Amino acid sequence: MSHHSEAAVGGRYKRALLWVEDHLRWILTLPALAVLAAFFVYPVGRALVLSLYQFDAAGQQFVGLGNYVAILTAGAFWQSLWITAKFMFFAVSLEVGLGIAIAFVLNSQVRFRGLVQTIGLVPLVISPTVVALLWQLLYQNGGVLDSLVAPLTNGPVPWLSDPSIALYALVLPDVWQMTPLVTLIVLAGLQSVPDHVQEAAMMDGAGRMRRLVDVTLPYIKELVVLVLILRVIGTMRVFAKVFVLTRGGPARSTEVISMAMYREAFSYGNYGRASTMALILLLIALAITYAFATVSEVEF
């Protein structure tokens, strides 16, 4: 009897070990899934619930899809979305363009490359709020930037008080802070291109431009698409720089979608509509990411 019991226990133990071995890769992902659930699934689920309610002085009231209808038919929402799109276009274009150009320069064995890379990390480790405060000093009336452009202007430039240029003034701090990120990612891709591939292309008579198109770009294509997605999403949710520098003004000319969400939630106390706007922004971000991956035929 004892022998049979030990055999049964041993059999169960072996089956358990085999099951663990077969499912080990899924078991090892459980901590990551727990973090994902805590920091993504729960907030999105909570926002989804809040978006179904209307909050006002009388309390909260279930309105179903009423918030979605109200937001999507409101001109102010589309205006904020358009301002966000303009900010995203100019910021991402400059960051990615400058970042790639600087990466190619640094990859050409320039002197003091390590020092330049180290200095380039400085903006990345500064919080967006501090970056905004620094640029607020630069934008002061009669400040550093006014001195630089003095030969081209008749007087101080109203960087943050003129509705026609305030949004572009917000682009500059973002470009200054995030261009090094693009540079570092693309530079890592350039340094991963095997030397023997470049040498083989040179032996085949390929010129500099031909090697760039046929050899270098295919190697860094995935990284360029990745950095585009990262910066598009990053600029879509820009908030701290706008909040510190303009508060969405003047005349709401810089009221990006995140600023509109903040105003809806904390100025008007309507957390339902703010959650609705956040979910719509999330869907737009997912759609853009899918479009980039599909058009570029990149698999992550």
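Please read all numbers here as calculations on a predicted model, not as lab measurements.

## A few points about the nonpolar core
Among the nonpolar cores identified, the biggest contains 23 residues, and Phe87, Tyr139, Trp159, Leu160, Val242 and Val256 are the most heavily contacted of them. Taken together, the elements giving at least two residues each to this core come down to helix H5 (75-106), helix H8 (128-138), helix H10 (166-191) and helix H13 (240-245). Listed in part, the 15 residues of the second largest apolar core include Ile71, Val96, Ile257 and Leu281.

## With respect to the packing of aromatic side chains
Each aromatic ring pair is summarised here by two numbers: the centre-to-centre distance and the angle between the ring planes. Here the structure, examined in full by the defined rule, presents 13 aromatic pairs. Centroid distance Phe55 to Tyr271: 5.9 Å. Interplanar angle 90°. Geometry classified as edge-to-face. Residue Phe55 is located in strand S1 (residues 53-56), and its partner Tyr271 is located in helix H15 (residues 271-296); the two are separated by 216 residues in the primary sequence. The exposure class assigned to Tyr271 is partly exposed, which follows from its relative accessible area of 38%. Measuring from ring centre to ring centre gives 5.3 Å for Phe90 and Tyr168, while their planes differ by 80°; the resulting arrangement is edge-to-face. Of the two residues, Phe90 is situated in helix H5 and Tyr168 in helix H10; the sequence distance between them amounts to 78 residues. Look at Tyr168 and you get partly exposed, because its relative accessible area is 36%. The ring of Phe243 is capped by Arg247, whose NZ or CZ atom sits 4.0 Å from the centre of that ring.

## Structural notes on the domain arrangement of the protein
Annotation of the protein at the domain level lists domain 1 (3-50) and domain 2 (74-295). Contact residues are listed per partner, giving five residues for domain 1 and five residues for domain 2. Taken together, the two surfaces of domain 1 and domain 2 that pack against each other cover about 390 Å², and 82% of this comes from carbon and sulfur. For the pair domain 1 and domain 2, the interface holds zero salt bridges. Where domain 1 packs against domain 2, one counts zero residue pairs in polar contact (both at pLDDT 80 or more). Its residues assigned to classes, the side of domain 1 that touches domain 2 shows five nonpolar, no polar and no charged.

## Quick look at the pairing of strand S2 (residues 59-62)
If a strand is regular, its side chains alternate between the two faces of the sheet. Judged from the four bridges that link them, S1 and S2 form a sheet pairing that is antiparallel. Bridged to Tyr53 within S2 is Phe62. Hairpin connection of S1 to S2: two residues between the antiparallel strands.

## What about the packing of helix H14 (residues 257-267) against H15?
Two elements in contact, H14 and H15, have axes whose closest approach is 7 Å; the angle formed by their N-to-C orientations is 160°. Between H14 and H15, the angle falls in the class roughly antiparallel. For the pair H14 and H15, the crossing hand works out as left-handed. Between H14 and H15, the residues in contact are Ile257, Ala260, Met261, Glu264, Ala265 and Phe266 and Tyr271, Arg273, Ala274, Met277, Ala278 and Leu281, respectively. Residue classes in the contact of H14 with H15 are distributed as ten nonpolar, no polar and two charged.

## Here we look at the side chain of Lys241
Here Lys241 lies in helix H13. Overall, Lys241 belongs to the buried group, its relative accessible area being 5%. A polar atom in the side chain of Lys241 sits 3.2 Å from the side chain of Asp174. Leave out the neighbours within four places in its chain, and Lys241 touches Pro128, Val131, Ala132, Leu170, Pro173, Asp174, Gln177 and Thr246.

## Details of H10
Here H10 is 26 residues long and its end C-alpha atoms lie 38 Å apart, about the 38 Å a rise of 1.5 Å per residue gives. The axis of H10 is deflected most strongly, by about 35°, at Met178, and proline Pro180 appears within four residues downstream. Burial analysis of H10 places 19 of its 26 residues in the buried class, which makes it a mostly covered element.

## Thoughts on a nonpolar patch on the surface
Together, Leu30, Leu33, Leu36, Phe40 and Val41 line one region of the surface with nonpolar side chains, adding up to about 460 Å² of accessible area. Tracing the sequence through the fold places Val41 in helix H3 (residues 30-50). For Val41, a relative accessible area of 49% gives the class partly exposed.

## Regarding the side chain of Asp174
Among the secondary structure elements, Asp174 is positioned in helix H10. Judged by its relative accessible area of 3%, Asp174 is buried. Polar side-chain contacts of Asp174 include one of 3.1 Å to the side chain of Arg231. Discounting residues that sit within four places of it in the chain, Asp174 has contacts with Phe87, Ala91, Glu95, Thr179, Arg231, Thr235 and Lys241.

## As for unusual backbone geometry
Backbone torsion omega between Gly249 and Pro250 reads -5°, so that peptide bond is classified as cis. Within the secondary structure, Pro250 sits in the loop between H13 and H14. Positive phi values are uncommon outside glycine, yet Ala251 reaches one of about 55°. Mapped onto the secondary structure, Ala251 falls in the loop between H13 and H14. On the accessibility criterion, Ala251 (75% relative accessible area) is exposed. A positive phi angle is found at Arg252, which is not glycine, with a value near 60°. Note on Arg252: relative accessible area 43%, which makes it partly exposed.

Definitions and limits used
Residues numbered from 1 in each chain as written. Predicted model: local features only at pLDDT ≥ 70, side-chain atom pairs only at ≥ 80, totals over all residues. Heavy atoms only, no water. Core = buried A, V, L, I, M, F, W, Y, C linked by side-chain atoms within 4.5 Å. Buried < 20%, exposed > 50% of the residue type's maximum accessible area, 1.4 Å probe, protein only. Helix = DSSP H or I, 4+ residues; strand = E, 2+ residues; numbered from the N terminus. Phe/Tyr/Trp six-rings, centres within 6.5 Å; stacked < 30°, edge-to-face > 60°. Lys NZ or Arg CZ within 6 Å of the ring centre and 35° of its normal. Domains from an automatic or database assignment. Contact = heavy atoms within 4.5 Å. Buried area = accessible area lost by both parts, 1.4 Å probe. Salt bridge = Lys/Arg side-chain N within 4 Å of Asp/Glu carboxyl O. Polar contact = N/O pair within 3.5 Å; in protein donor to acceptor, adjacent residues only side chain to side chain. Nonpolar A, V, L, I, M, F, W, Y, C, P; charged D, E, K, R; others polar. Pairing = 2+ DSSP bridges. Axes fitted to C-alpha atoms, helices over the stretch in contact; angles between N-to-C directions. Parallel < 35°, antiparallel > 145°, perpendicular 65-115°, else oblique. Left-handed = near helix turned anticlockwise from the far one by under 90°. Expected span 1.5 Å × (residues − 1). Bend = angle between axes of the 7 residues up to and from the residue. Patch = residues over 30% accessible without salt bridge, like charges linked within 9 Å, V, L, I, M, F, W, Y side chains within 5 Å. Areas by Shrake-Rupley, 256 points an atom, 1.4 Å probe, with all protein chains shown as cover.

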